[in-house]
Amino acid sequence: MLHGRAGDCAELRALIEGARHSRSGVAVLRGEPGIGKSVLLDYAAAQAGGMPLLRAAGIQAEVAMPFAVLHELLYPVLDRVPDLPAPQAAAVGGAFGTAPGRGHDRFLVAVLVLTILAEVAADRRRALGWCRR
């Protein structure tokens, strides 16, 4: 347990336990540098156990680089891009600078993120044997 953060840790554990049972949730960690936001995120990741986890961290130097954190977040699952519909595949190539494309279209980029995450989640459900049809 993190000293003085029992409440925060309990909240994170509850969110993760909810995710294990297909309940969505969100935690927003805000505050000045050095107050332990990253430590809490490390704690949450450790609590996730065998759950699939995508994670990224933005840094000040990347603030002018559109989609830098998104690229870091999706990098482990970019092998899914060839399976995306053509407009979404073009958007990811344009957003991440890997191909000419429509990276300036934020709607398409948002849709591609949702599509990739939905596919990864569906694969996980199928692997566990509880995919709804």
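Residues numbered from 1 in each chain as written. Predicted model: local features only at pLDDT ≥ 70, side-chain atom pairs only at ≥ 80, totals over all residues. Heavy atoms only, no water.

Enquirer: Would you explain helix α4 (residues 86-96) in this entry?
Expert: An α-helix turns once per 3.6 residues; consequently, residues spaced three or four apart project the same way. Residues of α4 that are buried: Gln-88, Ala-91, Val-92, Gly-93, Ala-95 and Phe-96. Of the residues flanking the end of α4, it is Gly-97, one or two places downstream, whose phi is positive at about 70°. (Buried < 20%, exposed > 50% of the residue type's maximum accessible area, 1.4 Å probe, protein only. Helix = DSSP H or I, 4+ residues; strand = E, 2+ residues; numbered from the N terminus.)

Enquirer: For this particular structure, what's the right way to read the packing of helix α1 (residues 6-20) against helix α2 (residues 37-47)?
Expert: Axis angle and axis distance: for two packed helices, these are the angle between their axes and the distance between the axes, and together they describe the pair. Two elements in contact, α1 and α2, have axes separated by 10 Å at closest approach and are oriented at 35°. For the element pair α1 and α2, the recorded crossing hand is right-handed. Across from Asp-8, Cys-9, Leu-12, Arg-13, Ile-16 and Arg-20 in α1, the residues of α2 making contact are Leu-40, Tyr-43, Ala-44 and Gln-47. Residues belonging to the contact of α1 with α2 are distributed by class as follows: six nonpolar, one polar and three charged. (Axes fitted to C-alpha atoms, helices over the stretch in contact; angles between N-to-C directions. Left-handed = near helix turned anticlockwise from the far one by under 90°. Contact = heavy atoms within 4.5 Å. Nonpolar A, V, L, I, M, F, W, Y, C, P; charged D, E, K, R; others polar.)

Enquirer: So what exactly am I meant to see when it comes to unusual backbone geometry here?
Expert: For Ser-22, which is not a glycine, the phi torsion comes out positive at approximately 65°. Looking at Ser-22, the relative accessible area reads 43%, which means it is partly exposed. One non-glycine residue, Phe-67, adopts positive backbone phi at about 70°. Relative to the helices and strands, Phe-67 resides in the loop between α2 and α3 (68-74).

Enquirer: Explain α2 to me, please; I cannot follow it from the model alone.
Expert: Considered for burial, the residues of α2 that qualify are Leu-40, Tyr-43 and Ala-44. The arc enclosing the buried residues of α2, seen along the axis, measures out at 100°, which places them on a common side. Turned more than 90 degrees away from the buried face of α2, the exposed residues are Ser-38 and Ala-46. Buried residues belonging to α2 abut α1. In the segment just after α2, Gly-49 is the residue with positive phi, at about 55°. (Arc of directions from axis to C-beta.)

Enquirer: Looking at this structure, I do not really get the nonpolar core. What am I missing?
Expert: Side chains that are nonpolar tend, in soluble globular proteins, to be buried together. One finds Leu-70, Leu-74, Phe-96, Val-109, Leu-112 and Ile-116 to be the most contacted residues of the largest nonpolar core, which totals 17 residues. Mapped by element, the contributors of at least two residues to this core are α3, α4 and α5 (106-128). Counting residues per element, this core draws most heavily on α5, which supplies six residues. Dropping the residues within four chain positions of it, Leu-70 is found in contact with Phe-96, Val-109 and Val-113. Core analysis: the next-biggest nonpolar cluster, separate from the first, contains six residues, Cys-9, Leu-12, Leu-40 and Tyr-43 among them. (Core = buried A, V, L, I, M, F, W, Y, C linked by side-chain atoms within 4.5 Å.)

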